[in-house]
Amino acid sequence: MLYLAEVQKQRSFGLGSSRAELKLLACQRGENNWSAVTGDEVIPAEDANNFKDGALVLVDLNNNKHVQRIQDAARQLVSILQDFSRLQDKFKTQQEEIEQWKESLTYQSQELNRREMEMEAQREQLEQLEEEFERLDQQRQEVDSAREESERLRSELEQSQAEINQTREQLQHQMQQLEERLAGLQAAPSLSDEHSQQLQSLLAQLSTPVTLDALQSQLQQSTERLEAGHSTLQHHWQQLQEKQTSAEQLQHQVDETRDSLQTQWQQWYNSQDALTQTQSQLHTQQAQLTAKLELSQSWQSQIQSRQTLLEQLEKLAAQFDDINSVGVIVNVSALEAMPINQLQQEVEKLQQEWDRWFRMVKEQEDELKYKREEIEELQQKLTHSTDGERSRLEGELTDEHDAYEMLNRTLGGQRRTLREREANLIRHQAVLLKRQGVPANAQTDGPVNFDRVLSSLNTQHQEQQQKLQDLEAEISQIQTTIQQTEETVNQQTNEQQQKRQQLEAEEHSWREQHQAVSQLWGGVNSYQQMLQPIQDHWNELKQQIETTTTEFNQLHQTRQEQSQQIEQLQQIVSNLMSA
């Protein structure tokens, strides 16, 4: 099983031996699943001597808690931390997506409620249209009844006209006979009894009036029915006018809504163009910020390098001060007389010796640093130790202090030797550089003006820092501007999305209203197409009734004239018979 453990070492200076142990911290239960180990479980591990005290390692233990494999845990921990960081980023992203989903669901719920209200209104409108169509169908039936009534009136009028024509023909025939008789009477000198009886019979026959009351009553009824039908037809025309007015009002509203939608869409497109320009401006600002950040990182790197160079120069100046204080006697004349190749070999030899001493001193300084860290750790453990551990830790701390002091005293002599060798090397190098023709200001055989160099570098360092501060202020201003622009872009984007959805919903509602108005206009046109032929038919009937009435009046007048003529004939016949 895989464990995360801490290396713990027990050392004794000068004894040449150490003992390493592993303190188990956590146990792997599954992939990316670790649980802490309760208690202070420590197991011995000789392989842990290859690791520093306090190092974190991954150790594979068998069932008997024997070490099978041990490796550094740095890479694994970095990988775990990276996975954890990625999981956090993913969780944060998912949280943001969840918030966006919540907002989207809220908006969709509001939109659904609004659409439900619109659908309810449209359903009521459709119900009204259905009722309107039912009324139209009922009116169509009434119009059909009126058409049938007009056809029946037409038949009655045609029959009345036929009867009037027949009566007129009878009267004309009788008038013709009467005229013939009158002509005969005027030609005869006197009337015989036979002629007198025939004439009396004919006058009696002509005196019998033609019955026109039934025809007049029928004509009166037809006129009344025509007027009633015309009133009904006018009522339908009035309803048609009302429907047409309502359709025109709705059409006007639909046209206004269409114009308003066109204007709003144009405004939306203009706002979208402005949003696109703002987004382009944001991309430009972001690109400018990226360039400024890269420049800032470059300047920070330069400042850091210059700072490191200043520290190295200050250290070098201190070393030169130490070297100048070391009393190293060099026979410069002998070095100047020495062949240059031999002098160069002597310098290389001194360089190799100095390198060897430097490495040895460096190892001792690292060991001294390690001892100092162990002393600090023991002091911390002693602070938090129990009474049973205190005596052991105090003994170990005393041993470590003694070893540290012994090593420090030994290292002091080695440092002095290193400085002497370094001073000797520098003197030889100065003579060699002088003989090689190196310019005087680059030679190291005389005092080096570190103050002037350090002053110049400090001045450049301060100027660079001031430029960096100005650049960081500019970057901060650009970041503020970008943040404001992003907020503006996000707000405008949300507003544009909401406005687009609102316009699409309004356009959908307008299309439904337009369709409803079209259907209403279709009903109005159909109603008008039904009424117009009936109106034309009723106009023809009215004309026929007026013509028939005129003819009936003429017939009635003719009948009166005939009665007068008959009375005159009877008078003439009476006079003739008396004569």
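Note that the structure is a prediction, hence the values are computed from the model and not measured.

Scanning the protein chain from terminus to terminus reveals seven helices and six strands. Each helix and strand of the protein chain, ordered N terminal to C terminal, gives the series β-β-β-β-β-β-α-α-α-α-α-α-α. For the protein chain, the residues scored as buried account for 28% of the 579 residues in total. Taking all contacts inside the protein chain whose residues are at least 6 apart in sequence as the whole, residues at least 24 apart take part in 78%. For the protein chain, the accessible surface area stands at approximately 38100 Å², while carbon and sulfur atoms represent 46% of it.

Now for the pairing of strand S5 (residues 56-61). Taken residue by residue, a regular strand's side chains alternate between the two faces of the sheet. Counting buried residues in S5 gives five out of six residues, a clear majority hidden from the surface. Looking at chain direction, S5 and strand S6 (residues 67-72) are connected through five bridges and run antiparallel. Bridge pairing links Val57 to Asp72 in S6. Hairpin connection between S5 and S6: a loop of five residues separates the two successive antiparallel strands, and Lys65 in this loop has a positive phi of roughly 60°.

With their axes 7 Å apart at the nearest point, helix H5 (residues 340-383) and helix H6 (residues 387-435) run at an angle of 160° to one another. Here H5 lies roughly antiparallel to H6, going by the angle between them. Here the hand of the crossing between H5 and H6 comes out left-handed. A per-class count over the contact of H5 with H6 returns 22 nonpolar, 11 polar and 16 charged.

Before going further, it helps to examine unusual backbone geometry. Backbone geometry at Lys65 places phi at a positive 60°, although glycine is not the residue there. Counting through the fold element by element, Lys65 comes out in the loop between S5 and S6. We classify Lys65 as partly exposed; its relative accessible area is 29%.

Moving on, we get to the environment of Ala516. Along the chain, Ala516 falls in helix H7 (residues 450-578). Since its relative accessible area comes to 10%, Ala516 is described here as buried. C-alpha of Ala516 to C-alpha of Ala247: the two residues are 269 residues apart in sequence and 9.8 Å apart in space.

Right, let's get into the pattern of salt bridges. Per the counting criterion, the structure on display carries 11 salt bridges. Among the salt bridges present, the one from Glu474 reaches Lys292, with a minimum N-O distance of 3.1 Å. Of this pair, Glu474 sits in helix H7 while Lys292 sits in helix H3 (residues 213-325); the two residues are 182 residues apart in sequence, bridging distant segments of the chain. Note that Glu400 is salt-bridged to Lys371, the shortest N-O span being 3.5 Å. In this pair, Glu400 is assigned in helix H6 and Lys371 in helix H5, connecting sequence segments 29 residues apart. Comparing Glu400 with Lys371 shows no difference in burial state: the two are buried. One continuous salt-bridge network, built from bridges that share partners, spans Asp255, Arg258 and Asp259.

Turning next to the confidence of the model for the protein chain. Mean pLDDT over the protein chain: 77, with 78% of residues reaching 70 or higher. The least confident element of the protein chain, judged by mean pLDDT, is helix H2 (residues 193-207) at 62; the most confident is S5 at 87. Of the regions scoring below 50 in pLDDT, residues 12-16 engages in four contacts with residues more than four places distant in sequence or in other chains. Per-residue pLDDT stays below 50 along residues 440-448; that stretch engages in eight contacts with residues further than four places along the chain or on separate chains.

Among the structural elements, Gln281 can be located in helix H3. A relative accessible area of 45% means that Gln281 is categorised as partly exposed. Between the alpha carbons of Gln281 and Ile482 there is a distance of 9.3 Å; along the sequence they are 201 residues apart.

Take a nonpolar patch on the surface next. Nonpolar side chains collect at one region of the surface, where Ile98, Trp101 and Leu105 lie side by side and expose about 330 Å² of accessible area between them. By secondary structure assignment, the location of Trp101 is in helix H1 (residues 74-187). Residue Trp101 is classed as exposed on the basis of its relative accessible area of 54%.

The next thing to look at is the packing of aromatic side chains. What the rule picks out here adds up to four aromatic pairs. Centroid distance Trp265 to Trp268: 5.8 Å. Interplanar angle 80°. Geometry classified as edge-to-face. Taken together, the residues span about one helical turn, with Trp265 and Trp268 both in helix H3 at a distance of three residues. Of the two residues, Trp265 and Trp268, neither departs from the other in class, the shared state being buried. Seen from their ring centres, Trp354 and Phe358 are 5.1 Å apart, and the 20° between their planes marks the pair as stacked. Separated by four residues within a single helix, Trp354 and Phe358 lie in helix H5, roughly one turn from each other. The exposure class of Phe358 is partly exposed, given its relative accessible area of 40%. Three or more aromatic residues joined by ring pairs make a cluster, and in this case those are Trp265, Trp268 and Tyr269.

Counting residues in hydrophobic clusters, the biggest one holds 22 residues, and the most contacted among them are Leu335, Leu343, Val347, Leu368, Leu397, Leu418 and Leu425. Where this core is concerned, the elements lending two or more residues are H5 and H6. Among the elements that make up this core, the one with the highest residue count is H5 (10 residues). Apart from residues lying up to four places away in sequence, Leu343 is in contact with Leu335, Met338, His428, Val431, Leu432 and Arg435. Leu22, Cys27, Val37 and Ala45 belong to the second largest nonpolar core, which has 16 residues in total.

Calculation rules
- Residues numbered from 1 in each chain as written.
- Predicted model: local features only at pLDDT ≥ 70, side-chain atom pairs only at ≥ 80, totals over all residues.
- Heavy atoms only, no water.
- Helix = DSSP H or I, 4+ residues; strand = E, 2+ residues; numbered from the N terminus.
- Buried < 20%, exposed > 50% of the residue type's maximum accessible area, 1.4 Å probe, protein only.
- Contact = heavy atoms within 4.5 Å.
- Areas by Shrake-Rupley, 256 points an atom, 1.4 Å probe, with all protein chains shown as cover.
- Pairing = 2+ DSSP bridges.
- Axes fitted to C-alpha atoms, helices over the stretch in contact; angles between N-to-C directions.
- Parallel < 35°, antiparallel > 145°, perpendicular 65-115°, else oblique.
- Left-handed = near helix turned anticlockwise from the far one by under 90°.
- Nonpolar A, V, L, I, M, F, W, Y, C, P; charged D, E, K, R; others polar.
- Salt bridge = Lys/Arg side-chain N within 4 Å of Asp/Glu carboxyl O.
- pLDDT = per-residue confidence, 0-100.
- Patch = residues over 30% accessible without salt bridge, like charges linked within 9 Å, V, L, I, M, F, W, Y side chains within 5 Å.
- Phe/Tyr/Trp six-rings, centres within 6.5 Å; stacked < 30°, edge-to-face > 60°.
- Core = buried A, V, L, I, M, F, W, Y, C linked by side-chain atoms within 4.5 Å.

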